[in-house]
Amino acid sequence: MEAYKRIQLSRKSGRPTGLDFVNHVVTDFFEMHGDRRFADDPAIVAGVGRLCGKPITVIAQEKGHTMKERTFRNFGSPHPEGYRKALRLMKQAEKFGRPVLCFVDTSGAFCGTGAEERGQGLAIAENLCEMMTLKVPILTVFIGEGGSGGALALAVADQVWMLENAYYAVISPEGCASILWKDSKKVREASDSLRCVPEDLLELGLIERILPESDQDALWRTLPLELSEEFDALEAMTSEERCAKRYARFRKMGVFKE
Amino acid sequence: MLKSANFKPSRNQLENMGVATAGSGFTEQPQVPDQLCTKCPGCGKTIFTSDMRANLWMCPSCGYHFKYPARKHLLKICDENSFEEWDTGLRSTDFLHFPGYAVKLKSARLNSRENESVISGKAAIEGEPCAIFAMDSRFMMGSMGSVVGEKITRLFERATEERLPVIGFTLSGGARMQEGTTSLMQMAKTSGAVKYHSDAGLLYITVLTNPTTGGVTASFAMEGDILLSEPGALIGFAGPRVIEQTMRQKLPKGFQSAEFLLEKGFLDGIVPRPEQRKVLAQLLRLHRKEA
Ligand SMILES: [Zn+2]
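Residues numbered from 1 in each chain as written. Chains lettered and ligands numbered in written order. Predicted model: local features only at pLDDT ≥ 70, side-chain atom pairs only at ≥ 80, totals over all residues. Heavy atoms only, no water.

A. The sheet that holds strand S6 (residues 128–135) of chain B, seen in detail. Residue and element names in this part refer to chain B. Read from one edge of the open sheet, seven strands run S3-S5-S6-S7-S8-S9-S10, paired in mixed fashion. The open sheet is flanked by strand S3 (84–86) and strand S10 (269–270), the only strands paired with a single partner. Sheet topology note: the strand S5 (residues 118–125)/S6 ladder contains eight bridges and is antiparallel. Pairing of Ala 124 across the sheet is with Pro 129, part of S6. Lying over the sheet, helix H3 (residues 70–77) contacts S3, S5, S6 and strand S7 (166–172), oriented at roughly 160° with respect to S6. (Pairing = 2+ DSSP bridges. Helix = DSSP H or I, 4+ residues; strand = E, 2+ residues; numbered from the N terminus. Contact = heavy atoms within 4.5 Å. Axes fitted to C-alpha atoms, helices over the stretch in contact; angles between N-to-C directions.)

Written out as structure tokens, the structure reads:
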């Protein structure tokens, strides 16, 4: 399928959102609010629950379904306090020794005045640093849009999985077309050039798995089991081994001549 | 070795022809053209380009900091003949066959006379040893692709091994979109290397220069123990135009400037070019571990 069609599917309304994934994958969920510094960011839902019976910390970017929900969730574009809440809960997970599961679905971190004033860049940078050496397993699933640094701030993980109709890009195809070619109509060409759909990313070694999504019920049935199995495998390692592997996972990313 | 004799004045003829354009998210501010005179964006006065260049690339009238070529900046900061360049052989490739990237790389190399937008190595400042890097606006606006990510990562890994503090002059329009998601991953890779350097108890000082935005701001630029900036530098995650489009309003003057960030609590200090060497040496000495 054409890359741009895939990107459009990833944004389609009616698609399960982060909170839908939390509700289908995790039982006994208790949401926790706030970054303890400024505010609670509704674009990120986070809390504790159980995955196949075992306690887990879950963090999800949430876009909302109705217009009212979408406005409340800022269309899934987090502010710095969202990333700081996520980090707070990751550190809490580390303290209590439970794994972290993240669901990514954002067109990007919010690009507004408040976000800048409160250090959007710093908030993302801190997550990248802290997640790299977090002592508990981290697994991130891309369920829709994976917009640049705003997605990566929840994706410095031991494994990254993607739904079939998700994307993960350095810039939105619209942004790319308008910056590079000063022509927003070249969005199709940009979508192809960015190589941001799951098959490309698997081939480039940037993700581990693609999850088929044609049968939604099957996905709700199998996903918790598959996640739980992967967490078991990750927990079989010592935290030192796991952190070393996590760093090595990113360390090898990059193509150049020498 | 860095020697001033090795540096010829930069020729911006490709830029004037419109061949080399920024590959990153944001428009370039007025570059210094290869002309006798330059209009200062700070005070609006017309100044002699040679006077500006002789004055650490600052306006002789108001002190406006023009974009400093990375190698010239390093030369002014480091002790004479102390700079040993690392990882000079790394070259970017157009591995995604991204439209126009191969040509852009070629013109960036010609335009900047550098192999990439970051120069890294080891040096001494007033006798204090450190690992050091600087980024160059003339190479695709300091955008970060695989080579920048790899050079920064190697610098921090080697600094960790040799137990050296790191000093970094950042300048970037963001992640390099022509290398797709792989560019984005450089943010995580460099952050990991910074974290291990930090966990080893070693010092990292960043000096943010105009402009530092996008993926570089959201990774190694903001991860220093001490965050300094040049006066007037634009520092942000999103570029001003993107914010204006999102908010549908004009930004107030000075929004995202170094002075604004200092007031909001995101910088330790603003250090103009004539004081940088002294301040960096002082901070290095204050963190020196006596044997
Ligand atoms: Zn001036």
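B. Broad picture of the sheet that holds strand S4 (residues 100–106) of chain A. All names here are of chain A. If you walk across this open sheet you meet the seven strands as S1-S2-S3-S4-S5-S6-S7, and the pairing is mixed. Two strands in the sheet have a free side with no partner beyond their single neighbour: strand S1 (27–31) and strand S7 (209–211). For this sheet the average axis-to-axis angle between neighbouring strands, irrespective of direction, equals 25°. Bridging between strand S5 (residues 138–146) and strand S6 (residues 159–163) involves four bridges; their strand directions are parallel. Bridge assignment links Val 141 to a residue of S6, and that residue is Trp 161. Taken strand by strand, helix H11 (residues 216–235) contacts strand S2 (44–51), strand S3 (54–61), S4, S5, S6 and S7, and its axis lies near 170° from that of S6.

C. A look at the coordination of the zinc ion. Residues and elements named next belong to chain B. Of the protein atoms, only Cys 40 (SG), Cys 43 (SG), Cys 59 (SG) and Cys 62 (SG) coordinate the zinc ion, at distances of 2.3 to 2.4 Å. Metal-centred angles of 105 to 112° between the four donor atoms at the zinc ion mark the site as tetrahedral. Each donor residue of the zinc ion belongs to the same chain, with the gaps between them written as C-x2-C-x15-C-x2-C. With Cys 43 in the loop between strand S1 (37–39) and strand S2 (46–48) and Cys 59 in the loop between helix H2 (49–54) and H3, this residue pair connects regions lying 16 residues apart in the sequence. For Cys 59, a relative accessible area of 2% puts it in the buried group. (Donors = N, O, S within 2.8 Å, 3.2 Å for Na, K, Ca; no water. Tetrahedral: all angles 85-135°; square planar, octahedral: opposite > 155°, others 65-115°. Buried < 20%, exposed > 50% of the residue type's maximum accessible area, 1.4 Å probe, protein only.)

It is worth stressing that arrangement in space is one thing and function is another; only the former is reported here.
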